Amino acid sequence: MSGHTGSEAGTDRGPLTGLRVLDLATLFAGPLAATMLGDFGAEVVKVEHPAKPDPSRGHGPSKDGIGLWWKLLGRNKRTITLDLSRPGGRATLLRLAATADVIIENFRPGTLEKWDLGWAELSAANPRLVLARVTAFGQFGPYAHRPGFGTLAEAMSGFAAITGEPDSPPTLPPFGLADSIAGLATAYAVMAALRARDASDRGQVIDMAIIEPILTVLGPQPVWYDQLGYVQPRTGNRSANNAPRNTYRTADGSWVAVSTSAQSIAERLMRLVGRPELIEEPWFATGADRARHADVLDEAVGSWIARHRRVEVLDAFEKAEAAVAPIQDVRDVMEDPQYAALDAITTVADPELGPLRMQNVLFRLSATPGAIRWTGRPHGADTDAVLTELGLSEAEITTLRSEGAL
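Note that the structure is a prediction, hence the values are computed from the model and not measured.

### Remarks on the nonpolar core
Counting 49 residues, the largest nonpolar core has Ile104 and Ile206 as the members making the most contacts within it. Elements with a minimum of two residues in this core: helix H1 (29-39), strand S6 (102-105), strand S7 (130-135), helix H7 (177-200), strand S8 (205-209) and strand S13 (354-359). The biggest single contributor to this core is H7, with 10 residues. With near-sequence residues (within four places) excluded, Ile206 lies in contact with Val130, Leu131, Ala132, Arg133, Ala189, Val190 and Ala193. By size, the runner-up hydrophobic cluster in this structure holds 26 residues, among which are Val47, Leu129, Leu387 and Leu390.

What follows is the structure, encoded as structure tokens:
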């Protein structure tokens, strides 16, 4: 089973080996954070409702009735079922919490408290526990109790307002952008909290609002507005900070993206497309001034690209040391030689579907690399094993199951 190590399943000891994470979350930020921790060796126990599995199992296309998104999101996780609203489920979770380092949850604020599983009870069971609470709007404030999804964060944060063509409606991403950014941020927050625990021997609560990390990746918009009253407009594929920056169609009907964030790249590009005289224009000296003359620059670059096939464009740009990339869909990504060299899309053995290809772990560590040890497992597959390890007898597990707690 391939990770960035290329080593066999079970032989990897990632840097987070020895950490235990309880993943109580669903769709998508919280579970993605847990996946990232599991990729680097943490033991992740996915806790799902007995009758209502994580909805990602049914999200998007499936094969032979098996959800494919779950195979990615559920990788490196053991799966158990537990109804936290029942007394037996609550008691079992507290026993699990006593053995865990991290709990990740994304219920609406107050839900865990309603079940007597709030921070007071969890930290009493385990003072070293880190509790990551991932919600749309955070644990307090006027919106805290509203239902929310990543789409609302993409709308509220300013992302949609600046995405799309100037004369077209604001555009939402066709994938879980805000959730994914929040998942990355949550994994980072967990590591920061665990580092603090090294010093204090006490855990703490992480309050992660999905509306916040996307605000950070949008850049200096609040500073611009605060200091200048500047509101970034929708510019389509253009940028207010540099030009030419756009997508251009090649002679054979493909598309490429060009960026000139560095002045030297912009100058090389003008020489490449046969318009060196533009470099001498006084407005060519800064990215912002070039952006104000994007029509001229787009025409110069676009007309040259339109006369050449994609392979010729890419080859010429590479020789000129100018920045270009093909606009690729997933078919191209799966065959791209750079992604292949990085093993960014790796092949993993799955007991239900056979070999399947998915994104590899997020980055490479030279000494303690991560690995995909297994793909997403069936609903509740590890319930008996995990609870037996916890010390529950066969009779206790049977009782919990008869009560509907499992």
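### A look at the pairing of S13
Judged from the 6 bridges that link them, strand S12 (residues 345-350) and S13 form a sheet pairing that is antiparallel. Residue pairing for S13: Val348 is matched across the bridge by Leu356. The loop that links S12 with its antiparallel partner S13 comprises 3 residues.

### So, helix H13 (residues 310-320)
Helical geometry note: an α-helix holds 3.6 residues per turn, so side chains three or four residues apart project in the same direction. Among all positions of H13, only Val313, Ala316 and Phe317 are buried. All buried residues of H13 lie within an arc of 100° about the axis, which places them on one face of the element. What points out from H13, more than 90 degrees from its buried face, is the exposed set Val311, Glu318 and Lys319. At its buried positions, H13 is contacted by strand S10 (255-258), helix H10 (263-272), helix H12 (294-306) and strand S11 (324-326). Positive backbone phi, approximately 55°, marks Glu321, located one or two places after H13.

### Some points on the packing of aromatic side chains
On inspection of all chains with the given rule, the structure shows 7 aromatic pairs. Arg57 extends its terminal NZ or CZ atom over the ring of Trp70, reaching a point 4.0 Å from the ring centre. Looking at Arg373, its charged tip hangs above the ring of Trp374, at a distance of 5.3 Å from the centre.

### Here's the deal with the packing of H1 against H7
At their nearest, the axes of H1 and H7 sit 7 Å apart, and the two run at 50° to each other. The orientation of H1 with respect to H7, classified from their angle, is oblique. For H1 against H7, the interelement crossing comes out right-handed. Residues Ala29, Leu32, Ala33, Met36 and Leu37 of H1 touch H7, and the partners they reach there are Asp179, Ser180, Ala182, Gly183, Leu184, Thr186, Ala187, Val190 and Met191. A breakdown of the residues in the contact of H1 with H7 according to their chemical character gives 10 nonpolar, 3 polar and 1 charged.

Scoring rules and cut-offs
- Residues numbered from 1 in each chain as written.
- Predicted model: local features only at pLDDT ≥ 70, side-chain atom pairs only at ≥ 80, totals over all residues.
- Heavy atoms only, no water.
- Core = buried A, V, L, I, M, F, W, Y, C linked by side-chain atoms within 4.5 Å.
- Buried < 20%, exposed > 50% of the residue type's maximum accessible area, 1.4 Å probe, protein only.
- Helix = DSSP H or I, 4+ residues; strand = E, 2+ residues; numbered from the N terminus.
- Contact = heavy atoms within 4.5 Å.
- Pairing = 2+ DSSP bridges.
- Arc of directions from axis to C-beta.
- Phe/Tyr/Trp six-rings, centres within 6.5 Å; stacked < 30°, edge-to-face > 60°.
- Lys NZ or Arg CZ within 6 Å of the ring centre and 35° of its normal.
- Axes fitted to C-alpha atoms, helices over the stretch in contact; angles between N-to-C directions.
- Parallel < 35°, antiparallel > 145°, perpendicular 65-115°, else oblique.
- Left-handed = near helix turned anticlockwise from the far one by under 90°.
- Nonpolar A, V, L, I, M, F, W, Y, C, P; charged D, E, K, R; others polar.

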